[in-house]
Amino acid sequence: MAERFGGRYSPGGGSQGPAGAPAAAPRVTGKWRTTVLFLTAFLFLFPAFGDGPREMLLGLLAGGLIVLAAWLTREGMVAEAAYNARKLARRPAFPRKAAGAVATGAALAVGGVIADQGLVYPVLYALVGAALHLGAFGFDPMADKGMEGIDAFQTGRVAKAVEEGEAHLAAMQDAILRAKDRSLEKRVAQFSGVARGLFRTIEGDPGDLTAARKYLSVYLMGARDATVKFADHYAQTRDAQARADYEALLTDLETTFAQKSTAFLTNSRTDLDVEIAVLRDRLKLDH
């Protein structure tokens, strides 16, 4: 049974849009901390060029490990935000934040080797560094979400379909950047929000996946391809007619996706009403 949500980013929530309102894109909080982690790499990189070959190589290695740790951690935070935004989600296949902690610990261990502090202190630096990293950024999601007590095959299909849909939306938002037009970027983001509203509806009722399959694959794939071609064309020509046609396409897609979300919610409500009516009739017969 799909659950109807209220609020700004829920169908019927009262925000702008055709038949439904956009759902919020996953927000990643605290990314500035990975920037700070990245900047600490220079503590190893700058001194490396003032020492001998051994110290230089080790310094570059330590700095590179810090950069790798920052990148892995940021990607892990993005994956966690997407995980938290979904009602049904599989745990990340690769624990990026944990790998970032290992890379941080390894970088500090290399730093201890550079300082010629024997074997014990580099190991301690590695353990403390990895522990502090996990304390600052946390662990990766360790379990699938929302799949308990539900057909694992069906929920797995839904999770995979939503991941594919999110990949198409990400490709659209990346491609439209080439058009160098902020209003078009916002327009694509608005459509992405409406599409995510359909994703959330399907996650609430996995049985709707079969009927929605073409929306998550065929339509979004077509929208992605159209966005790529339009962005390349518009970046070179600033063709006003092509822009109008593209925006009309997004409007048609928004309307279609929002109407489909509403239809799924209505069907779920109808099914609920039938179940309640049958149960009440049975209770009356028992009395």
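Our structure's up above, just so we're on the same page.
This write-up is about the structure you can find in this document.

So, how was this worked out
Residues numbered from 1 in each chain as written. Predicted model: local features only at pLDDT ≥ 70, side-chain atom pairs only at ≥ 80, totals over all residues. Heavy atoms only, no water. Helix = DSSP H or I, 4+ residues; strand = E, 2+ residues; numbered from the N terminus. Contact = heavy atoms within 4.5 Å. Areas by Shrake-Rupley, 256 points an atom, 1.4 Å probe, with all protein chains shown as cover. Expected span 1.5 Å × (residues − 1). Buried < 20%, exposed > 50% of the residue type's maximum accessible area, 1.4 Å probe, protein only. Core = buried A, V, L, I, M, F, W, Y, C linked by side-chain atoms within 4.5 Å. Phe/Tyr/Trp six-rings, centres within 6.5 Å; stacked < 30°, edge-to-face > 60°. Axes fitted to C-alpha atoms, helices over the stretch in contact; angles between N-to-C directions. Parallel < 35°, antiparallel > 145°, perpendicular 65-115°, else oblique. Left-handed = near helix turned anticlockwise from the far one by under 90°. Nonpolar A, V, L, I, M, F, W, Y, C, P; charged D, E, K, R; others polar. Patch = residues over 30% accessible without salt bridge, like charges linked within 9 Å, V, L, I, M, F, W, Y side chains within 5 Å. Salt bridge = Lys/Arg side-chain N within 4 Å of Asp/Glu carboxyl O.

With that out of the way, let us pick up the overall build of the chain. Along the backbone of the chain there are 9 helices and 0 strands. Mapped from its N terminus to its C terminus, the chain presents α and β elements in the order α-α-α-α-α-α-α-α-α. When contacts within the chain are restricted to residue pairs at least 6 apart in sequence, long-range pairs at least 24 apart make up 75% of them. In the structure as shown, the chain presents an accessible area of about 15,700 Å², 62% of it carried by carbon and sulfur atoms.

This part covers helix α4 (residues 96-114). Look at α4: 27 Å from first C-alpha to last across 19 residues, which is about the 27 Å you get at 1.5 Å a residue. Those residues of α4 that sit buried are Lys97, Ala99, Gly100, Ala101, Ala103, Thr104, Gly105, Ala107, Ala109, Val110, Gly111 and Gly112. Where α4 terminates, the next one or two residues include Asp116, which has phi positive at roughly 55°.

Here we take up the nonpolar core. Core analysis: the biggest nonpolar cluster contains 29 residues, and Met172, Phe191, Leu216, Tyr246 and Phe257 have the highest contact counts within it. Residue assignment for this core shows that the elements contributing at least two residues are α6 (152-175), α7 (182-204), α8 (209-237) and α9 (240-286). For Leu216, the residues in contact, after removing those within four places along its chain, are Ala161, Val162, Gly165, His168, Leu198, Phe199 and Ile202. Core analysis: the second largest hydrophobic core is formed by 15 residues, Leu37, Ala69, Met77 and Ala107 among them.

With that settled, consider the packing of aromatic side chains. By the definition in use, this model includes 6 aromatic pairs. Geometrically, the ring pair formed by Tyr121 and Tyr125 is tilted, given 6.4 Å between the ring centres and 40° between the ring planes. Here Tyr121 and its partner Tyr125 are both found in helix α5 (residues 120-137), 4 residues apart, which amounts to about one turn of the helix. Judged by relative accessible area, which is 32%, Tyr125 ranks as partly exposed.

Another aspect to go through is the packing of helix α3 (residues 53-85) against α4. Look at α3 against α4: their axes get within 7 Å of each other, and the N-to-C directions meet at 165°. By the angle between their axes, α3 is roughly antiparallel relative to α4. In this structure, α3 crosses over α4, and the sense of that crossing is left-handed. Here the contact of α3 with α4 is composed, by residue class, of 16 nonpolar, 5 polar and 6 charged.

Our focus in this paragraph is the side chain of Asp181. Inspection of the secondary structure puts Asp181 in the loop between α6 and α7. Ignoring anything within four residues of it in the chain, the contact list for Asp181 reads Tyr234, Arg238 and Arg243.

Helix-helix packing is described using two parameters, namely the angle between the two axes and the distance between the axes. Where α4 contacts α5, the two axes come as close as 7 Å, and the packing angle between them is 150°. Seen along the crossing, α4 lies across α5 with a hand that is right-handed. On α5, the residues that touch Lys97, Ala98, Gly100, Ala101, Thr104, Gly105, Leu108, Ala109, Gly112 and Val113 of α4 are Pro122, Tyr125, Ala126, Gly129, Ala130, His133, Leu134 and Phe137. Split by residue class, the contact of α4 with α5 holds 11 nonpolar, 6 polar and 1 charged.

Right, let's get into a nonpolar patch on the surface. A surface patch of nonpolar side chains, amounting to about 710 Å² of accessible area, comprises Leu119, Val120, Tyr121, Val123, Leu124, Tyr125 and Leu127. Checked against the element boundaries, Val120 lands in helix α5.

Relative to the helices and strands, Thr201 is located in helix α7. With relative accessibility at 6%, the residue Thr201 sits in the buried group. Taking C-alpha positions, Thr201 is 6.4 Å from Ser261, a pair spaced 60 residues apart along the chain.

Throughout the structure, instances matching the rule amount to 10 salt bridges. With a shortest N-O distance of 2.9 Å, Glu185 and Arg182 are connected by a salt bridge. Taken together, the residues span about one helical turn, with Glu185 and Arg182 both in helix α7 at a distance of 3 residues. When the shortest N-O distance is used, the salt bridge between Glu247 and Arg243 registers 3.9 Å.

Interpretation note: all reported values are geometric properties and have no functional meaning in isolation.
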